[in-house]
Amino acid sequence: MSIDKWGAIGSTLAIVGNVLTKMHHLEPQNSTTTHAHTYDHITLLALGTVELSREEGGEIVTKTIQAPALIVTKANVKHSFKNVSDTGVLFVCIHAIRNGSGLDDVAPQDISNEEARDLISKFPLVANE
């Protein structure tokens, strides 16, 4: 079984234009690690029900969310997902790789497809068993 650095099983990453997507599968009762990003992002919960825990006003707030749903998380907000379904959960994290002001979030403004593939290979989302 392959577990990614966020605690999800079977992640898939793709870059198209300025958009990066990370698709994750999470088994029942499994959780992602608590983490934060330097960028705003949307999570598309495509299948299942998750318990979202995130920092809001200095407190950890927990909310149960059922698919289909879009979950918006602002930059630098610590958050995690727990699968509270009886089956697997499928969710996709979606965010820009460049913010439009010339500052790079993940990749430089002029990244080529070849460089994007090289970048992805240097930061694999799926750990080796």
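A quick note: this is a predicted structure, and the numbers were derived from the prediction, not measured. (Residues numbered from 1 in each chain as written. Predicted model: local features only at pLDDT ≥ 70, side-chain atom pairs only at ≥ 80, totals over all residues. Heavy atoms only, no water.)

Asker: Any chance you could explain the overall build of the protein chain here in plain terms?
Answerer: Within the protein chain, the regular secondary structure consists of 1 helix and 8 strands. Counting from the amino terminus, helix and strand elements in the protein chain follow one another as β-β-β-β-β-β-β-β-α. Counting over 129 residues, the protein chain shows a buried share of 36%. The long-range share in the protein chain, meaning contacts at least 24 apart out of those at least 6 apart in sequence, stands at 65%. When the accessible surface of the protein chain is summed, it comes to about 7500 Å², and 53% of that surface belongs to carbon and sulfur atoms. (Helix = DSSP H or I, 4+ residues; strand = E, 2+ residues; numbered from the N terminus. Buried < 20%, exposed > 50% of the residue type's maximum accessible area, 1.4 Å probe, protein only. Contact = heavy atoms within 4.5 Å. Areas by Shrake-Rupley, 256 points an atom, 1.4 Å probe, with all protein chains shown as cover.)

Asker: Whenever I open this one, the pairing of strand 8 (residues 89-96) confuses me. Can you help?
Answerer: When a strand is regular, its side chains alternate between the sheet's two faces. Bridging between strand 2 (residues 19-26) and strand 8 involves 8 bridges; their strand directions are antiparallel. Of the residues in strand 8, the one forming a bridge with Thr21 is Ile94. The pairing of strand 3 (residues 41-47) with strand 8 spans 5 bridges and is antiparallel. Bridging from a neighbouring strand, Leu44 pairs with Val92 of strand 8. (Pairing = 2+ DSSP bridges.)

Asker: How do you make sense of the pattern of salt bridges when you look at a structure like this?
Answerer: Side chains that carry opposite charge are capable of pairing whenever their charged atoms lie near each other. Summed over all chains, the structure comprises 2 salt bridges. Taking the shortest distance from any N to any O, the salt bridge between Asp40 and Lys74 comes out at 3.2 Å. Separated by 34 residues along the polypeptide, Asp40 in the loop between strand 2 and strand 3 and Lys74 in the loop between strand 6 (69-73) and strand 7 (79-83) bring together distant segments of the chain. When its relative accessible area of 41% is taken as the criterion, Asp40 is described as partly exposed. Between Glu56 and Arg54 there is a salt bridge; the shortest N-O distance is 3.2 Å. Arg54 gets classed as buried once you look at its relative accessible area, which sits at 18%. (Salt bridge = Lys/Arg side-chain N within 4 Å of Asp/Glu carboxyl O.)

Asker: Quick question: what am I supposed to make of the packing of aromatic side chains here?
Answerer: This structure, assessed with the given rule, holds 1 aromatic pair. Residues Phe81 and Phe91 carry aromatic rings whose centres are separated by 5.2 Å and whose planes lie at 40° to one another, so their mutual orientation is tilted. In this pair, Phe81 is assigned in strand 7 and Phe91 in strand 8, connecting sequence segments 10 residues apart. One exposure class covers both Phe81 and Phe91, and it is buried. (Phe/Tyr/Trp six-rings, centres within 6.5 Å; stacked < 30°, edge-to-face > 60°.)

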